[in-house]
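Report on the structure
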Amino acid sequence: MTSGRVIRVAVIDDHPAIALAIEAAITTASTSETPGGPDDDPLVFSGSARSLDEARVLLARPESAADVVLCDVQLQRGLDGLDAIGIAREAGARAIVFTSFERASLMRAAFERGASGFLDKGAEPAAIVAAIREVGRGGTAFSATALDAARFGPRAPSPREVAVVDGLRRGETSDEIGRRLGISSRTVESHLRRMFDRYGVVSRTELALFAIDQGWLAESG
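Described below are features of the structure shown in this document.

Thresholds applied
Residues numbered from 1 in each chain as written. Predicted model: local features only at pLDDT ≥ 70, side-chain atom pairs only at ≥ 80, totals over all residues. Heavy atoms only, no water. Helix = DSSP H or I, 4+ residues; strand = E, 2+ residues; numbered from the N terminus. Rg over C-alpha atoms; globule rule 2.2 N^0.38 Å. Buried < 20%, exposed > 50% of the residue type's maximum accessible area, 1.4 Å probe, protein only. Contact = heavy atoms within 4.5 Å. Areas by Shrake-Rupley, 256 points an atom, 1.4 Å probe, with all protein chains shown as cover. Lys, Arg positive; Asp, Glu negative; His and termini not counted. Charge placed at Lys NZ, Arg CZ, Asp CG, Glu CD. Pairing = 2+ DSSP bridges. Axes fitted to C-alpha atoms, helices over the stretch in contact; angles between N-to-C directions. Parallel < 35°, antiparallel > 145°, perpendicular 65-115°, else oblique. Left-handed = near helix turned anticlockwise from the far one by under 90°. Nonpolar A, V, L, I, M, F, W, Y, C, P; charged D, E, K, R; others polar.

For the rest of this paragraph, the subject is the overall build of the chain. Looking only at helices and strands, one finds 10 helices and 5 strands in the chain. The C-alpha atoms of the chain give 19 Å as radius of gyration, which agrees with the globular expectation for 221 residues (17 Å, within 12%). Relative to its full complement of 221 residues, the chain shows a buried share of 48%. Here the contacts in the chain between residues at least 6 apart in sequence split such that 68% fall between residues at least 24 apart. Summed over its atoms, the accessible surface of the chain is roughly 10,700 Å², and 52% of this surface lies on carbon and sulfur atoms. Of note, the chain has its 26 positive side-chain charges centred 7 Å away from the centre of its 31 negative side-chain charges.

So, about the environment of alanine 218. Looking at the element boundaries, alanine 218 is found in the segment after helix H10 (204-214). Here alanine 218 falls in the buried class, since its relative accessible area comes to 11%. Distance in space between the C-alpha atoms of alanine 218 and leucine 75 is 7.2 Å, their sequence separation being 143 residues.

Turning to the sheet that holds strand E5 (residues 117-120), a few remarks are in order. Across the sheet, 5 strands lie side by side as E2-E1-E3-E4-E5; this open sheet has parallel pairing. Here the strands that pair on one side only, and so sit at the sheet edges, are strand E2 (43-49) and E5. Taken over all neighbouring pairs, the strand axes of this sheet differ in orientation by 25 degrees on average, direction set aside. Bridge count between strand E4 (residues 94-99) and E5: 4 bridges; the pairing is parallel. Of the residues in E5, the one forming a bridge with isoleucine 96 is glycine 117. Of the strands in this sheet, strand E1 (7-12), E2 and strand E3 (68-71) are in contact with helix H2 (residues 52-60), which crosses E2 at around 145 degrees.

Here we come to the packing of helix H7 (residues 159-170) against helix H8 (residues 174-181). Packing of H7 against H8 leaves a shortest axis separation of 10 Å and a crossing angle of 135 degrees. Comparing their axes, H8 and H7 come out oblique. The way H7 lies across H8 gives a crossing that is right-handed. Between H7 and H8, the residues in contact are Arg160, Ala163, Val164, Asp166, Gly167, Leu168 and Arg170 and Ile177, Arg180 and Leu181, respectively. Looking at the contact of H7 with H8 residue by residue, the class counts come to 5 nonpolar, 1 polar and 4 charged.

And the structure:
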């Protein structure tokens, strides 16, 4: 049996340690496996990016092009990391969402945006490597839980809704949120009412806490 084709792997994450850990897992897998084995598709780490702009540049370069891209959901602004899925697909790569927020709403959002997998950052290196290989071969890496969430989980908020909820976390009033976003306070209140109904919360504080728990808001801010 001959080795499979090379699978090039890139990482989009604003924490450099994550990219280093993935590169180490790939190196370990490549050096510890028996050639000709069933899981010996060679893996190559093609690079990492810390923002969406860096990701576009990285994946556009022939020397750092990727077949599989691991994307965090939080980069600089709320759920902007989900946009990395589209960037990867435009570059001809398949995306795996790689996050510490294993929430139903994020699983649904990843699936709807065209991701090929969803992994928790606490996964064992062998599981990560196996998922990369499966996706690199054209398969998917969604657990049964993730697939169920993709069907029945709550819809993740839009970027504008995330910005409104972030204002709640900052302690802003509806008028202050509206001024910051360039919308009326009435529009802010409309966004809030829709989110109260959608997520089954009854107060601004409960909505803000729910958003933090779901991983919708950036860690800073």
